Amino acid sequence: MEDYLKILTNTSIIINRIAFLLDQENISTRIKDHVESARLGGFGVPQNAIELYVPKADFESAQEIIDKTDITIDR
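Below you will find a few notes about this structure. (Residues numbered from 1 in each chain as written. Predicted model: local features only at pLDDT ≥ 70, side-chain atom pairs only at ≥ 80, totals over all residues. Heavy atoms only, no water.)

### Considerations on the sheet that holds strand E1 (residues 4–10)
Defined as follows: We treat two strands as partners when DSSP finds at least two bridges between them. Put simply, DSSP H or I for four residues or longer makes a helix, DSSP E for two residues or longer makes a strand, and each gets a number counted from the N terminus. Each axis is a line fitted through C-alpha atoms, taken for helices only over the stretch in contact, and angles between the N-to-C directions span 0 to 180 degrees. Two residues form a contact once any of their heavy atoms are found within 4.5 Å.
The strand order across the open sheet built from three strands is E1-E3-E2, with neighbouring strands paired in antiparallel fashion. Taken across any chain shown, the strands that pair with only one partner, and hence form the sheet edges, are E1 and strand E2 (30–33). When strand polarity is set aside, the average angle formed by the axes of neighbouring strands in this sheet is 25°. For E2 and strand E3 (residues 50–55), the ladder comprises four bridges, and the chain directions are antiparallel. Across the sheet, residue Arg-30 finds its bridge partner in E3, namely Tyr-53. Where helix H3 (residues 59–68) meets the sheet, it contacts E1 and E3, and its direction lies at approximately 20° from that of E1.

Next up, the structure:
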């Protein structure tokens, strides 16, 4: 994933909504779900441990789209 940059870490609901919005603008995304990995491994992590990555080339465009949403995002 060296061609991707992390743009956001949040809950599953927020990450999936943002990923959907970015997909609508033809920006590919990758999601790292540490919550599910921890569950499968038998231990826990905070519920907001899901990361959203976008290609380096689309980082600024993705940031603009996220900033325009009506979703409250803690950064």
